[in-house]
Amino acid sequence: MRPAIRLLALSGSLRERSSTGAVLRSALDLHDGPAGTADIGTLPHFNPDLDGESATPPPAVAALRTAAAAADAILIVSPEYAHGVPGTLKNALDWLVSSGECVDKPIAVITASPFPTGGSYANAQLRETLKTMSGRIIPSACLEIPAIGPKTDPATERVSDEATLTDLRTALQALHTA
Ligand SMILES: Cc1cc2nc3c(=O)[nH]c(=O)nc-3n(C[C@H](O)[C@H](O)[C@H](O)COP(=O)(O)O)c2cc1C
């Protein structure tokens, strides 16, 4: 039997009835093992003056770093805004650059969009940023989900589309294997 891995899941959307949230919840349903999330919406704007050897990081930053350090792998699920990464998510990653919790850590990047592009700009930018942070992007665990709207069920706030669930299952298996 494979040992369970601890997953940290980060969402790039703060919206209450978010399609990203539905994808993230479905991915966590499919994950066989412990998992946690971090409330990145409460993080202060990244400021190097609040960080480093001469400063104590803000509590929300310390909590994010603790959660990232405890995780065996990181799952990032995000929408795309203006062909880019949502500011909240980029801000969270900026807080993790110098502290190093992402170094060598297996990472899956999943983007979802109501459009046919599946958030491909944000997906590529996230991968580039995480690669620069020395994270280990697992290509077979990364997904761009197009036309997400009808693929989710508002009642369950989960993905309802079988093909997408299969893709999510495959992605999580790849992350687990990595
Ligand atoms: C300000 C703004 C910019 C957006 N830009 C893009 C974009 O560039 N590409 C895209 O695929 N979707 C874009 N969208 C649509 C979002 O993908 C859509 O609102 C999605 O539902 C947001 O994810 P969520 O449901 O998890 O909050 C944009 C939405 C907003 C509000």
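These figures come from a predicted structure and were not determined experimentally.

## Describing the nonpolar core
And then number 1: Core analysis: the biggest nonpolar cluster contains 25 residues, and Ile40, Leu64, Ile76, Ile107 and Leu130 have the highest contact counts within it.
And then number 2: Secondary-structure elements contributing two or more residues to this core are strand 1 (7-11), helix 2 (59-70), strand 3 (73-78), helix 3 (87-97), strand 4 (106-112) and helix 4 (120-132).
And then number 3: Excluding its chain neighbours within four sequence positions, the residues that come into contact with Ile107 are Ile74, Ile76, Cys102, Leu130, Gly135, Arg136, Ile137, Ile138, Cys142 and Leu175.
And then number 4: Residues Leu24, Val77, Leu143 and Leu165 belong to the second largest nonpolar core, which totals 24 residues.

## Things to note about the site of the ligand
And then number 1: Taken together, the neighbourhood of the ligand is formed by 13 residues, with Arg15, Ser18, Thr20, His83 and Ser113 sitting nearest.
And then number 2: Taking Ser113, its side chain carries an N or O atom lying 2.6 Å from an oxygen atom of the ligand.
And then number 3: Protein contact buries 67% of the 620 Å² of open area that the ligand shows by itself.
And then number 4: The class makeup of the residues in the shell around the ligand is five nonpolar, six polar and two charged.

## Comments concerning the pattern of salt bridges
And then number 1: Within this structure, the stated rule accounts for six salt bridges.
And then number 2: Here Glu157 makes a salt bridge to Arg17, at a shortest N to O gap of 3.2 Å. With Glu157 in the loop between strand 7 (152-153) and strand 8 (158-159) and Arg17 in the loop between strand 1 and helix 1 (19-30), this residue pair connects regions lying 140 residues apart in the sequence.
And then number 3: Arg17 sits in the exposed class, given a relative accessible area of 53%.
And then number 4: Note that Asp29 and Arg158 form a salt bridge whose closest N and O atoms lie 2.6 Å from each other. On the criterion of sequence distance, the pair formed by Asp29 in helix 1 and Arg158 in strand 8 is long-range, its members being 129 residues apart.

## A few points about the UniProt feature "domain: NADPH-dependent FMN reductase-like" (unreviewed entry) in the protein
And then number 1: Listed under "domain: NADPH-dependent FMN reductase-like" (unreviewed entry) in the UniProt record, and renumbered for this structure, are residues 6-142.
And then number 2: Across residues 6-142, the secondary structure splits into 35% helix and 17% strand, with the terminal C-alpha atoms separated by 18 Å.

## Observations concerning helix 5 (residues 162-177)
And then number 1: Here helix 5 contains 16 residues, and its C-alpha end-to-end distance of 22 Å stays within 8% of the 22 Å for a straight helix at 1.5 Å per residue.
And then number 2: Turning to helix 5, its buried residues are Thr164, Leu165, Leu168, Ala171, Leu172, Ala174, Leu175 and His176.
And then number 3: Summarising the contacts, the buried residues of helix 5 are in contact with strand 1, helix 1, strand 3, strand 4, strand 6 (143-145) and strand 8.

## Focus: the pairing of strand 3
And then number 1: When you tally the buried positions in strand 3, you get six out of six residues, the bulk of the element.
And then number 2: Where burial is concerned, the two faces of strand 3 agree: the one with Ala73, Leu75 and Val77 and the one with Ile74, Ile76 and Ser78 are both buried.
And then number 3: In the sheet, strand 1 pairs with strand 3 via five bridges, with the strands oriented parallel. For Leu10, the partnering residue across the bridge sits in strand 3 and is Ile76.
And then number 4: As defined by bridge partners, strand 3 adjoins strand 4 across five bridges and the pair is classed as parallel. Of the residues in strand 4, the one forming a bridge with Val77 is Ile110.

## Things to note about the pairing of strand 4
And then number 1: With seven of seven residues buried, strand 4 lies mostly within the body of the structure.
And then number 2: Between the parallel elements strand 3 and strand 4, the chain passes through helix 3 in a crossover that is right-handed.
And then number 3: Two elements, strand 4 and strand 6, share three bridges in a ladder whose sense is parallel. Across the sheet, the residue bridging to Ile110 is Leu143, located in strand 6.

Parameters and conventions
Residues numbered from 1 in each chain as written. Predicted model: local features only at pLDDT ≥ 70, side-chain atom pairs only at ≥ 80, totals over all residues. Heavy atoms only, no water. Core = buried A, V, L, I, M, F, W, Y, C linked by side-chain atoms within 4.5 Å. Buried < 20%, exposed > 50% of the residue type's maximum accessible area, 1.4 Å probe, protein only. Helix = DSSP H or I, 4+ residues; strand = E, 2+ residues; numbered from the N terminus. Contact = heavy atoms within 4.5 Å. Near = heavy atom within 4 Å. Polar contact = N/O pair within 3.5 Å; in protein donor to acceptor, adjacent residues only side chain to side chain. Areas by Shrake-Rupley, 256 points an atom, 1.4 Å probe, with all protein chains shown as cover. Nonpolar A, V, L, I, M, F, W, Y, C, P; charged D, E, K, R; others polar. Salt bridge = Lys/Arg side-chain N within 4 Å of Asp/Glu carboxyl O. UniProt positions renumbered as here; feature names shortened; annotations may be inferred. Expected span 1.5 Å × (residues − 1). Pairing = 2+ DSSP bridges. Right-handed = clockwise from strand over helix to strand, strands pointing away.

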